[in-house]
Amino acid sequence: MSNPVNGEEKPNPDPLQRVPYQKPPFTVGDVKKAIPPHCFNRSVIRSFSYVVYDLTIASIFYYLANNYIALLPSPLAYVAWPVYWICQGCVLTGVWVIAHECGHHAFSDYQWLDDTVGLVLHSALLVPYFSWKYSHRRHHSNTGSIEHDEVFVPKLKSGVRSTARLLNNPPGRILTLLVTLTMGWPLYLMFNVSGRYYDRFACHFDPNSPIYSNRERAQIFISDAGILTVLFVLFRVAMTKGLTWVLTMYAGPLLVVNGFLVLITFLQHTHPSLPHYDSTEWDWLRGALATIDRDYGVLNKVFHNITDTHVTHHLFSTMPHYHAMEATKAIKPILGEYYQFDGTSVFKAMYRETKECIYVDKDEEVKDGVYWYRNKI
């Protein structure tokens, strides 16, 4: 978190200090006025340039891995494959972010183009585009709500399972992180794990899922068709080149992509300083402000700054990523203490948040309806 002092941004020496939970003294309109108008302009050419750039880098990594790793002696090959998975996975996470931007109608001024590009890119990464677009839209509409937010919804103390006590130690936290980063994404899509409560089975692949309204259900079939098409292609490739080729060239990087998107989302919405609200206190602006910017170093650029401009993204989700840094700088003086940033290293932060943010509970010192993370179980 940072505080504006004489127009300068000074880092808060204690990133764990609670941020304000009261209604802010500004409106969304006040914040928008501080942003240069051109930041809201979407350019088809510029947006496509990032798609072309990312896919070019991904193609280079693919070419090098496909043609040269097999020529290396065994010890080096065993090292080269994980290096390829990590590098390719980072680049494809950038592709994932662009498809996510399509879902927000931030890619271009044309909804049909955004949906076409998003469907192709997300399907290639085994993401059901329309399914996730609609559930993610509800996340943005209900951020910070313990009752209606869609993802990484914090548990109340009464909802903490007995297994949490067994895992509340260093080995247990590491195991929790490993399972979350490797299985969290498919478990969320298939079984709504870590998602909001529904009174019946919720699945992103089911057109009749309670996640969706009646007018959205037809497009869930399109998402499923996209996934089935890619799976069929992968099956045909596996029949031609072998399952090992598919696992090393495609599944390895995809595992990294899935891990990063879970990690990014987790760290943006899970922090000891963040408040959550029930229906008696929640409003959209305070909910949107209950998120935090992080620093992933050089990966900020690789991930198209979704990591360090997330507060801006939640306030203005149709803004293209290439204007988000400028917009973030412009709104910091307006947000003041309501702007949240934590530069703690990602590895340290992921362990700390797993340790400190087990459930949320009310605080006797503040008004009812406001919840804070707790770790004592």
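For every chain, the first residue of the written sequence is number 1, and numbering continues from 1 onward in sequence order. Whole-chain, interface and lining totals are the exception, using all residues; otherwise, since this is a predicted model, local features are given only for residues with pLDDT of at least 70 and side-chain atom pairs are given and counted only at 80 or more. Values reported for side chains reflect all heavy atoms of the structure, with hydrogen atoms and water molecules removed beforehand.

Under an unreviewed UniProt entry, the name given to the protein is Putative fatty acid desaturase, and the organism recorded is Helianthus annuus. UniProt positions are given in the numbering used here, feature names are shortened, and annotations may be inferred rather than shown by experiment. For the record of the protein, the UniProt heading Subcellular location (unreviewed entry) holds the text "Membrane". Quoted verbatim from the Sequence similarities (unreviewed entry) heading of the UniProt record, the comment on the protein is "Belongs to the fatty acid desaturase type 1 family."

## Let's talk about the side chain of Asn 142
Secondary-structure assignment places Asn 142 in the loop between α5 (129-141) and α6 (163-167). Think of it in three bands: with a 1.4 Å probe and only protein chains considered, a residue is buried below 20% of the maximum accessible area for its type, exposed above 50%, and partly exposed in between. Among the residues examined, Asn 142 registers a relative accessible area of 18% and is labelled buried. Between two residues, a contact is recorded if the distance between any of their heavy atoms is within 4.5 Å. Not counting residues within four places of it along the chain, the set of residues in contact with Asn 142 comprises His 148, Asp 149 and Trp 282. Under the DSSP-based scheme used, a helix requires at least four consecutive residues in state H or I and a strand at least two consecutive residues in state E, with every element numbered from the N terminus.

## Points about empty space enclosed by the protein
Any residue with an atom within 4 Å of a point lines the site, the site being either a cavity, points on a 1 Å grid over the protein atoms alone where a 1.4 Å probe fits but cannot get out, or a pocket, an open set with protein on both sides within 12 Å along at least 5 of 7 lines. Grid points are joined across faces, edges and corners, and a volume is the space filled by probe spheres set on the points. Considering all chains together, one arrives at four cavities of 30 Å³ or more under this definition. Here the largest cavity is characterised by a volume of approximately 100 Å³. Considering the residues around the largest cavity, the lining is formed by 14 residues, among which Glu 101, Ile 306, His 313, Met 319 and His 321 are closest to the centre. Listing elements by their share of the lining of the largest cavity, those giving two or more residues are α3 (74-103) and α12 (310-315). Residue contributions to the lining of the largest cavity peak at three residues, all from α3. The classification used treats Ala, Val, Leu, Ile, Met, Phe, Trp, Tyr, Cys and Pro as nonpolar, Asp, Glu, Lys and Arg as charged, and all other residues, Gly among them, as polar. Grouping the constituent residues of the lining of the largest cavity by class yields six nonpolar, seven polar and one charged. Start and end points for every domain follow an automatic or database-based domain assignment. Per-domain counts for the lining of the largest cavity show at least three residues from each of domain 1 (45-125) and domain 3 (296-341).

## Focus: the nonpolar core
Within the largest apolar cluster, 55 residues are counted, with the highest numbers of intra-cluster contacts made by Trp 96, Trp 185, Leu 263, Leu 267, Tyr 296 and Phe 303. Elements with a contribution of two residues or more to this core: α2 (44-68), α3, α4 (111-124), α5, α7 (170-191), α8 (217-241), α9 (243-269) and α14 (346-356). Of the residues forming this core, the biggest block, 12 residues, is contributed by α9. In this structure, Trp 96 is in contact with His 122, Leu 125, Val 127, Trp 132, Trp 185, Val 257 and Leu 261, ignoring residues within four places of it in sequence. Buried residues of nine kinds, namely Ala, Val, Leu, Ile, Met, Phe, Trp, Tyr and Cys, make up a nonpolar core once their side-chain atoms join them within 4.5 Å.

## Digging into α14
Residues of α14 that are buried: Val 346, Ala 349, Met 350, Arg 352, Glu 353 and Thr 354. On its buried face, α14 sits against α7, α9, β4 (293-294) and β5 (341-342).

## Structural notes on the packing of aromatic side chains
Pairing of aromatic side chains requires ring centres within 6.5 Å, counting the rings of Phe and Tyr and the six-membered ring of Trp. Pairs whose planes differ by under 30 degrees are stacked, by over 60 edge-to-face, and all others tilted. Within this structure, the stated rule accounts for 17 aromatic pairs. Here Trp 96 and Trp 132 contribute two aromatic rings whose centre-to-centre distance is 4.9 Å and whose plane-to-plane angle is 65°, an arrangement assigned as edge-to-face. In this pair, Trp 96 is assigned in helix α3 and Trp 132 in helix α5, connecting sequence segments 36 residues apart. There is no split in this pair, since Trp 96 and Trp 132 are both buried. An aromatic cluster of at least three residues, connected via ring pairs, comprises Trp 96, Trp 132, Trp 185 and Tyr 188.

## What to know about the pattern of salt bridges
Take a side-chain nitrogen of Lys or Arg and a carboxyl oxygen of Asp or Glu: if they are within 4 Å of each other, that pair is a salt bridge. Within the structure shown, the criterion is met by 11 salt bridges. In this structure, Asp 342 and Arg 294 form a salt bridge, with 3.8 Å as the shortest nitrogen-oxygen distance. Taken together, the residues span a long stretch of sequence, with Asp 342 in strand β5 and Arg 294 in strand β4 at a distance of 48 residues. Of the residues examined, Asp 342 reaches a relative accessible area of 2% and is grouped as buried. Of the charged contacts in the structure, one is a salt bridge between Arg 294 and Glu 353, with a shortest N-O distance of 2.8 Å. Of this pair, Arg 294 sits in strand β4 while Glu 353 sits in helix α14, placing them 59 residues apart in sequence. For the pair Arg 294 and Glu 353, one class covers both residues: buried. What you see here is one network of salt bridges that share partners, running through Lys 23, Glu 281, Asp 283 and Arg 286.

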